[in-house]
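Below are the chains, spelled out letter by letter.
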Protein chains: 2
Amino acid sequence: MTTTDTDERVRAGSHSGHFDIYDEDGNVRADFLTQVSHAIDAGDTGFLHRNVVRLHESELGDLLEALNSDLRLALVGLLGDDFDMTALTQVDEAIRREIVDHLPNERIAAGIGGLDSDDAVYILEDLDKQDRDEILAQMPFTERVRLRRALDYPESSAGRRMQTEFVAVPPFWTVGQTLDYLREEEGLPEDFSQIFVIDPTFKLLGGLALDRILRSKRQTKIEDIMRETTHPISAEMDQEEAARLFEQYDLLSAAVVDDNGRLVGVLTIDDVVDVINEEADEDIKRLGGVGDEELSDSVASTVRSRFLWLAVNLLTAILSSSIISVFDASIEKMIALAVLMPIIASMGGNAGTQTMTVTVRALATGDLDIYNAARIIRREATVGLLNGIVFAILMGAIATFWFHDLQLGVVVGAVMVINLVAAALGGILLPLLLNRMGADPAIASSAFVTTVTDCTGYFAFLGIATWWFVIH
Amino acid sequence: MTTTDTDERVRAGSHSGHFDIYDEDGNVRADFLTQVSHAIDAGDTGFLHRNVVRLHESELGDLLEALNSDLRLALVGLLGDDFDMTALTQVDEAIRREIVDHLPNERIAAGIGGLDSDDAVYILEDLDKQDRDEILAQMPFTERVRLRRALDYPESSAGRRMQTEFVAVPPFWTVGQTLDYLREEEGLPEDFSQIFVIDPTFKLLGGLALDRILRSKRQTKIEDIMRETTHPISAEMDQEEAARLFEQYDLLSAAVVDDNGRLVGVLTIDDVVDVINEEADEDIKRLGGVGDEELSDSVASTVRSRFLWLAVNLLTAILSSSIISVFDASIEKMIALAVLMPIIASMGGNAGTQTMTVTVRALATGDLDIYNAARIIRREATVGLLNGIVFAILMGAIATFWFHDLQLGVVVGAVMVINLVAAALGGILLPLLLNRMGADPAIASSAFVTTVTDCTGYFAFLGIATWWFVIH
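Residues numbered from 1 in each chain as written. Chains lettered and ligands numbered in written order. Predicted model: local features only at pLDDT ≥ 70, side-chain atom pairs only at ≥ 80, totals over all residues. Heavy atoms only, no water.

## Re the environment of Val 417 of chain B
All names here are of chain B.
Step number 1: Within the secondary structure, Val 417 sits in helix 21 (residues 406-436).
Step number 2: With relative accessibility at 22%, the residue Val 417 sits in the partly exposed group.
Step number 3: Separated by 105 residues in sequence, Val 417 and Val 312 place their C-alpha atoms 28 Å apart.
Step number 4: Residue contacts for Val 417: discarding those within four places in its chain leaves Leu 385, Gly 388, Ile 389 and Ala 392. (Helix = DSSP H or I, 4+ residues; strand = E, 2+ residues; numbered from the N terminus. Buried < 20%, exposed > 50% of the residue type's maximum accessible area, 1.4 Å probe, protein only. Contact = heavy atoms within 4.5 Å.)

## Let's talk about a nonpolar patch on the surface
Residues and elements named next belong to chain A.
Step number 1: Taken together, the side chains of Leu 385, Leu 386, Ile 389 and Ile 393 make up a nonpolar region of the molecular surface, amounting to roughly 350 Å² of accessible area.
Step number 2: Position of Ile 389 relative to the elements: it lies in helix 20 (residues 373-403).
Step number 3: Assessed through its relative accessible area of 39%, Ile 389 is described here as partly exposed. (Patch = residues over 30% accessible without salt bridge, like charges linked within 9 Å, V, L, I, M, F, W, Y side chains within 5 Å. Areas by Shrake-Rupley, 256 points an atom, 1.4 Å probe, with all protein chains shown as cover. Salt bridge = Lys/Arg side-chain N within 4 Å of Asp/Glu carboxyl O.)

## A short note on the side chain of Asp 118 of chain A
Residue and element names in this part refer to chain A.
Step number 1: Positionally, Asp 118 belongs in helix 8 (residues 117-124).
Step number 2: Despite being buried, Asp 118 has no salt bridge partner; Arg 161 is the closest side chain of opposite charge, sitting 7.9 Å away.
Step number 3: For Asp 118, the residues in contact, after removing those within four places along its chain, are Arg 161, Met 162, Gln 163 and Asp 271. (Lys, Arg positive; Asp, Glu negative; His and termini not counted.)

## A look at the nonpolar core
Step number 1: Within the largest apolar cluster, 132 residues are counted, with the highest numbers of intra-cluster contacts made by Leu 63 and Ile 233 of chain A together with Leu 63 and Ile 233 of chain B.
Step number 2: Formed by 78 residues, the second largest nonpolar core is a distinct cluster that contains Ala 345, Ala 351, Met 416 and Leu 420 of chain B. (Core = buried A, V, L, I, M, F, W, Y, C linked by side-chain atoms within 4.5 Å.)

## Some thoughts on the relation of the copies chain B and chain A
Step number 1: Superposing chain B onto chain A requires a rotation of 180° together with a translation of 0.1 Å along the rotation axis, leaving an RMSD of 0.3 Å. Both copies of the chain, as the preceding transformation shows, are related through a two-fold rotation axis. (Least-squares fit on C-alpha atoms with pLDDT ≥ 70 in both.)

## Considering the interface of chain B and chain A
Step number 1: Residue-level contacts link 115 residues of chain B with 115 residues of chain A.
Step number 2: In total, about 10300 Å² of surface goes out of reach between chain B and chain A, with carbon and sulfur atoms giving 64% of it.
Step number 3: Counting across the chain B and chain A interface gives four salt bridges.
Step number 4: For the side of chain B that touches chain A, the class distribution of residues is 58 nonpolar, 28 polar and 29 charged. (Buried area = accessible area lost by both parts, 1.4 Å probe. Nonpolar A, V, L, I, M, F, W, Y, C, P; charged D, E, K, R; others polar.)

## Regarding the UniProt feature "domain: CBS" (unreviewed entry) in chain A
Step number 1: The positions that UniProt labels "domain: CBS" (unreviewed entry) are, in the present scheme, residues 226-282 of chain A.
Step number 2: For residues 226-282 of chain A, the helix share is 44%, the strand share is 26%, and the end-to-end C-alpha distance is 38 Å. (UniProt positions renumbered as here; feature names shortened; annotations may be inferred.)

## Quick look at the packing of helix 20 (residues 373-403) of chain B against helix 21 of chain B
All names here are of chain B.
Step number 1: Running from N to C, helix 20 and helix 21 point in directions that differ by 155°, and their axes come no closer than 7 Å. Classified by the angle their axes make, helix 20 and helix 21 are roughly antiparallel. Our pair here, helix 20 against helix 21, has a crossing hand that is right-handed.
Step number 2: Residues belonging to the contact of helix 20 with helix 21 are distributed by class as follows: 22 nonpolar, seven polar and one charged. (Axes fitted to C-alpha atoms, helices over the stretch in contact; angles between N-to-C directions. Parallel < 35°, antiparallel > 145°, perpendicular 65-115°, else oblique. Left-handed = near helix turned anticlockwise from the far one by under 90°.)

## Details of unusual backbone geometry
Step number 1: The residue Asp 250 of chain A is not glycine, and still its phi comes out positive at about 50°.
Step number 2: Among the structural elements, Asp 250 of chain A can be located in the loop between helix 15 (239-249) and strand 6 (253-257).

## A look at the UniProt feature "transmembrane region" (unreviewed entry) in chain A
Residues and elements named next belong to chain A.
Step number 1: Per the UniProt annotation, the sites labelled "transmembrane region" (unreviewed entry) are residues 307-327, 385-404, 410-434 and 446-470.
Step number 2: A helix fraction of 95% and a strand fraction of 0% characterise residues 385-404, whose end C-alpha atoms lie 27 Å from each other.
Step number 3: Secondary structure over residues 446-470 splits into 100% helix and 0% strand, and the C-alpha atoms at its two ends are 34 Å apart.

## Structural notes on the sheet that holds strand 5 (residues 233-234) of chain B
All names here are of chain B.
Step number 1: The strand order across the open sheet formed by three strands is 5-6-7, and the pairing between neighbours is mixed. Only two strands of the sheet have a single partner each, and these edge strands are strand 5 and strand 7 (263-268).
Step number 2: Bridge analysis of strand 5 against strand 6 (residues 253-257) gives two bridges, and the strand direction is parallel. Bridge assignment links Ser 234 to a residue of strand 6, and that residue is Val 257. (Pairing = 2+ DSSP bridges.)

## Let's talk about the pairing of strand 7 of chain B
Step number 1: When you tally the buried positions in strand 7 of chain B, you get six out of six residues, the bulk of the element.
Step number 2: Once strand 6 of chain B ends, the chain turns through five residues before running back antiparallel as strand 7 of chain B, passing Gly 261 of chain B with a positive phi of about 75°.

## Focus: the sheet that holds strand 3 (residues 204-209) of chain A
Residue and element names in this part refer to chain A.
Step number 1: An order of 1-2-3-4 is seen for the four strands of this open sheet, with the pairing classed as mixed. The open sheet has two free edges, formed respectively by strand 1 (168-169) and strand 4 (227-228), since each of these has just one partner strand.
Step number 2: Note: strand 3 against strand 4, two bridges, orientation antiparallel. Residue pairing across strands places Gly 207 opposite Arg 227, the latter belonging to strand 4.

## Re the pattern of salt bridges
Any two side chains of opposite charge can pair, on the condition that their charged atoms come close.
Step number 1: As enumerated under the stated definition, the model contains 42 salt bridges over all chains in all.
Step number 2: Residue Arg 361 of chain B is joined to Asp 281 of chain A by a salt bridge in which the shortest nitrogen-to-oxygen separation is 2.4 Å. Placement of Arg 361 of chain B in helix 19 (residues 336-365) and of Asp 281 of chain A in helix 16 (residues 269-287) is noted, with the two residues assigned to different chains.
Step number 3: Notably, a salt bridge pairs Asp 258 of chain B with Arg 262 of chain B, separated by 3.7 Å at the nearest N-O pair.
Step number 4: Relative accessible area serves as the criterion here: at 34%, Arg 262 of chain B is assigned to the partly exposed category.

## What about the pairing of strand 2 (residues 194-198) of chain B?
Residue and element names in this part refer to chain B.
Step number 1: For strand 2, the buried fraction is high: five of the five residues fall into the buried class.
Step number 2: Here strand 2 shows two buried faces, one formed by Gln 194, Phe 196 and Ile 198 and the other by Ile 195 and Val 197.
Step number 3: Looking at chain direction, strand 1 (residues 168-169) and strand 2 are connected through two bridges and run parallel. The residue bridging Ala 168 from the neighbouring strand is Phe 196, located in strand 2.

## Some remarks on helix 7 (residues 105-113) of chain B
Residues and elements named next belong to chain B.
Step number 1: Turning to helix 7, its buried residues are Asn 105, Ile 108, Ala 109 and Ile 112. Projected down its long axis, helix 7 carries its buried residues within an arc of 100°, all on one side.
Step number 2: In the core, the buried residues of helix 7 are packed alongside helix 6 (93-102), helix 8 (117-124), helix 9 (129-137) and helix 10 (141-152). (Arc of directions from axis to C-beta.)

## Digging into the packing of aromatic side chains
Step number 1: With the rule as written, the count across this model stands at 14 aromatic pairs over all chains.
Step number 2: Between Phe 166 of chain B and Phe 196 of chain B the ring centres are 6.5 Å apart and the planes differ by 85°, which places this aromatic pair in the edge-to-face class. Here Phe 196 of chain B lies in strand 2 and Phe 166 of chain B lies in the loop between helix 11 (158-161) and strand 1, a separation of 30 residues in the sequence.
Step number 3: Counting every residue linked through ring pairs, the aromatic cluster contains Trp 467, Trp 468 and Phe 469 of chain A. (Phe/Tyr/Trp six-rings, centres within 6.5 Å; stacked < 30°, edge-to-face > 60°.)

Printed below as a string of structure tokens:
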């Protein structure tokens with residue numbers, strides 16, 4: 001196969017022998033994208049095989065995401081059997097579905113058959129039951145049984161994320177026997193960082209990091225150098241809990257066992273990194289009121305998912321407004337109240353959000369627990385009080401000068417203190433309460449917290465002002 | 001050493017041979033904490049050596065965090081040389097400083113000397129320059145040089161996070177020579193998952209996953225099975241960029257090289273997991289307006305760190321209020337405007353925050369780039385328009401019934417549409433603009449976005465109402 005001029009130009013983008021498809025900002029390079037697009041349009045399979053097939057699965061994934069829908073499907077078609085299905089685990093859900101829907105089920109069955117079981121499960125789990133069954137039906141028996149077993153575990157469990165390929169040896173083998181087995185056995189998984197030790201019934205006895213084997217003499221018995229597995233991961237365990245074990249004990253891989261303590265798979269750190277990212281993503285999005293939205297979601301589903309949050313917010317906003325309407329006579333007499341109202345609400349809302357953010361995050365990472373909750377609540381109240389005093393002076397002075405009214409300034413100042421203390425308490429107590437009730441503190445806190453701060457702020461401000469200026 | 005009754009009771013909490021210091025919620029078990037506290041008070045070093053010394057570094061860290069300050073320092077004192085300094089990398093900064101300040105510098109120098117260099121750097125980097133120099137001065141020469149070199153790299157760089165201990169062999173060695181070297185050499189790092197291949201000047205040639213060595217025959221040449229390092233990490237590289245390479249290429253460890261391509265250290269996935277967590281933490285906290293706050297920060301530093309954000313917010317709130325004050329005559333004539341105003345502002349603020357959250361997160365994960373920005377902007381505007389229409393009808397109806405005024409309902413409805421479209425555009429364009437200017441879009445977006453939505457909302461609502469009811 002001769003290389004063309006275009007290939008040379010593509011390679012020129014490479015440095016230190018490695019070809020880089022990204023520009024400085026981390027986007028797929030525009031010139032590379034143009035060349036690939038032209039090659040797809042021209043059906044130049046030669047170019048595509050030379051420049052696309054050798055890409056890393058994540059690079060291919062990024063390329064697929066950068067192409068428009070027509071070119072994307074055409075590329076998958078032109079690559080044929082050389083299309084690396086692992087790339088499907090690297091694109092977002094909408095694009096994965098599009099490609100999978102486009103390909104015939106036989107092609108998917110053949111492509112998925114060559115993947116590690118965790119990647120295969122990742123692709124299969126999003127499909128309709130019918131498609132999934134059709135694809136599974138076309139796979140070899142042992143493969144099918146293994147994938148079905150992983151798919152039977154609950155969504156987001158360790159059993160779903162695990163790889164069913166692993167290396168396991170009996171405890172009475174020597175290091176030499178193990179080395180010979182590794183050198184001669186054909187069907188071993190591609191990469192592994194640990195060897196497991198099992199009894200004849202597949203019961204997990206322990207594990208061995210590879211460096212322990214490399215450093216031991218050939219005649220050493222495996223059982224003498226293996227480490228007992230102190231934190232086996234149950235296949236039913238939630239993936240977030242498993243991720244926390246990896247973080248706590250700095251694991252690279254961990255055995256996954258069934259109810260009887262039998263080894264059924266291995267969970268690896270790269271899957272755990274994905275779980276950690278998903279978890280952080282979830283927290284951020286829930287705090288922002290956008291649920292589990294993805295960038296590739298359709299307009300219709302985005303409208304629906306955001307509607308609920310905005311509707312909840314409308315109800316709470318109406319609640320605040322009805323507090324204001326109670327005091328409409330006061331506002332009519334003193335229009336400055338209407339002007340200053342939003343400042344009070346906004347300061348309370350922001351201070352409450354600050355405390356809530358710290359609280360939700362600390363609950364998620366486990367930094368906030370029963371031993372320090374009381375101390376943290378005291379701390380937040382103190383911070384609210386101190387900042388309340390500072391902003392009382394600032395805002396009191398501003399209101400005094402703005403409306404030439406010292407008394408109004410004093411009222412604004414007093415309300416600012418009440419408001420920021422209430423915001424601090426709301427910001428920490430509401431997430432703690434939601435957490436205690438078993439709810440995710442990230443999901444509803446911010447609507448509740450701003451309702452508390454808005455209502456407290458409006459009520460304190462308009463109430464005190466009414467008492468001071470109107471009734472008094 | 002005989003075990004006491006208390007030891008037996010402590011062990012009873014253990015299952016499957018492993019002793020668990022945590023209760024179901026993941027907190028340190030209350031009974032264990034009480035026993036440790038009593039043992040510290042009684043100076044029962046026997047109990048502490050049997051039950052605390054064997055804890056994993058992260059468990060010891062959690063125990064230290066759960067104890068109050070006096071008991072914590074007493075425990076460190078009682079454990080003496082058996083106190084595992086690695087636990088200092090597992091507690092938050094305030095506690096780490098407290099313990100380090102309490103211990104004499106010789107003790108710290110001795111304790112740190114036994115750690116992996118990345119852990120040692122992690123502890124040293126937070127210290128005052130004077131303390132750090134004193135500690136380094138008491139360490140052996142080679143150790144000192146290595147730690148100093150890592151500390152010379154910029155904060156948050158790969159050079160700071162790397163471990164300077166690694167296993168490297170020349171390319172002309174055979175697998176057999178390598179195995180013999182691994183078996184006989186004493187000074188090798190504790191765990192490693194990769195062996196590096198270097199030339200006599202320490203220039204990095206490639207790397208070898210351990211399973212490749214295990215699967216190859218003794219006479220195989222290293223250069224025949226090594227893989228060229230396609231993504232060497234420069235010591236100056238920001239740790240977040242390094243973390244992204246780990247995620248993209250599913251790396252377990254990676255070579256860190258200096259400007260001349262010489263191998264200076266190794267970055268491992270457990271450090272990268274910490275970086276990923278820190279990054280997510282940063283995004284969440286910046287969106288919530290609490291900077292880099294930690295739960296253990298003092299009241300004074302928390303007040304200071306939150307003050308700035310609240311001060312910015314005060315300025316933007318005053319800006320919104322001055323828009324309201326322009327229309328004070330209209331509000332005086334029609335008090336319903338003052339009552340409905342907060343609803344308009346709150347809906348705009350929440351819709352803007354939704355879009356901003358999705359945008360900031362998509363920029364952080366690299367999902368939003370120049371190829372889909374235009375499409376996503378269109379999508380957000382459409383979502384804003386559609387939800388605007390829905391809430392226009394809802395809120396228009398509510399306002400009509402509340403104030404028995406159809407015209408007011410129509411005005412509220414029209415403003416709701418304008419408001420949610422403006423919120424969508426503000427929520428996506430501001431973070432994109434900040435990102436383009438090289439600023440972190442998470443840091444300032446939410447103050448700017450709510451300013452935009454507040455000002456648009458108040459101006460549109462009061463302006464249209466004034467024109468319709470007052471001037472018209």
